[in-house]
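# Geometric and topological summary
Chain by chain, the residues run as shown.
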Amino acid sequence: MRQTKLLMGMPITIEIVDDTVSEKDIKSIFTFFQEIDNRFSTYKKNSEISKFNRGEISEKKLSKDMKKIFALSEKTKKETNGFFNIQKSDRTVDPSGLVKGWAIWKASVLVGKKGFQNFYINAGGDVQVVGLNKEKNPWKIGIKNPFNENEVIKVVGLINKGIATSGTYIRGQHVYDPHNPNSILQEIVSMTVIGKNVYEADRFATAALAMQRNGIYFLERQKGLEGYMIDKKGIATYTLGFEKYVSSS
């Protein structure tokens, strides 16, 4: 069973291939994503993050999930030498670069707790796969050409992995270099990361894009991560272990 809904400002697709899946199972996962959006969206004036940024909620009174995200963001900041930073120049915070991957991963845990072993969750191009697809093969995930959204330039086959792409080609300059906040990221247009889960892939894809050309070397040094980088000239560079995931079809 496969369904797609527009939530969190993007299409979210859930596909569960186990025979026992029902509409109710998938609906509960979409409800979870709606709850995440209501809490973390910086575009909703009544979200918890918006109220916190306006000073209407103190840090002490934040929800467990918000405190968790803040802690994970601080951890990621340290792991990336400050290239992942949710604090903006106006002193507000925006954890969007971590929340999406975390939410997809948490959703996959919820699906697993229902007893399903073969499924796929895609939120705005960031994907968590578990088990095998309906043909009992690894899940095939396409990496888009940043200069032509209709073209897939690489296909990877994944089992029990997450994949995320951070780029400037769809949403423009939404990622910045915290060490040089006024600089424009122009050299690298797309950074795709494969990790043990989509949370790991998403947070490090954001940081690696902020690092620009150094991002792929940073990923090479990280255990359990593989990366695929495309620069403004359309030249791709990838980590040594990335090729093992590339599918021939």
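Note that this is a predicted model, so its numbers are computed, not measured.

The rules behind these values
Residues numbered from 1 in each chain as written. Predicted model: local features only at pLDDT ≥ 70, side-chain atom pairs only at ≥ 80, totals over all residues. Heavy atoms only, no water. Helix = DSSP H or I, 4+ residues; strand = E, 2+ residues; numbered from the N terminus. Rg over C-alpha atoms; globule rule 2.2 N^0.38 Å. Buried < 20%, exposed > 50% of the residue type's maximum accessible area, 1.4 Å probe, protein only. Contact = heavy atoms within 4.5 Å. Areas by Shrake-Rupley, 256 points an atom, 1.4 Å probe, with all protein chains shown as cover. Lys, Arg positive; Asp, Glu negative; His and termini not counted. Charge placed at Lys NZ, Arg CZ, Asp CG, Glu CD. Pairing = 2+ DSSP bridges.

## As for the overall build of the protein
- Helices and strands together make up the secondary structure of the protein, namely six helices and ten strands.
- For 249 residues, the compact-globule estimate of 2.2 N^0.38 gives 18 Å, and the C-alpha radius of gyration of the protein, at 18 Å, lies within 12% of that figure.
- Taking the principal axes of the C-alpha coordinates as reference, the protein spans close to 50 × 45 × 30 Å.
- The burial tally for the protein puts 49% of its 249 residues in the buried class.
- If you take every contact in the protein between residues at least 6 apart in sequence, the share linking residues at least 24 apart comes to 56%.
- Accessible surface, the protein: about 13000 Å² in total, of which carbon and sulfur atoms supply 48%.
- Charge centroids of the protein, computed over 38 positive and 27 negative side chains, lie 4 Å from each other.

## Concerning unusual backbone geometry
- In this structure, Lys136 is a non-glycine residue whose phi angle is positive, near 60°.
- Here Lys136 falls in the exposed class, since its relative accessible area comes to 66%.
- Unlike most non-glycine residues, Gln212 shows phi in positive territory, near 55°.
- Mapped onto the fold, Gln212 is located in the loop between helix 5 (198-211) and helix 6 (215-221).

## Some details on the pairing of strand 9 (residues 226-231)
- Burial runs high along strand 9: six of the six residues are buried.
- Residues Glu226, Tyr228 and Ile230 line one face of strand 9 and the alternating positions Gly227, Met229 and Asp231 line the opposite face, and both faces are buried.
- Sheet topology note: the strand 8 (residues 188-195)/strand 9 ladder contains six bridges and is antiparallel. Residue pairing across strands places Ile194 opposite Glu226, the latter belonging to strand 9.
- Between the end of strand 9 and the start of strand 10 (residues 236-238), which pair antiparallel, lie four residues, with Gly234 showing a positive phi angle near 85°.

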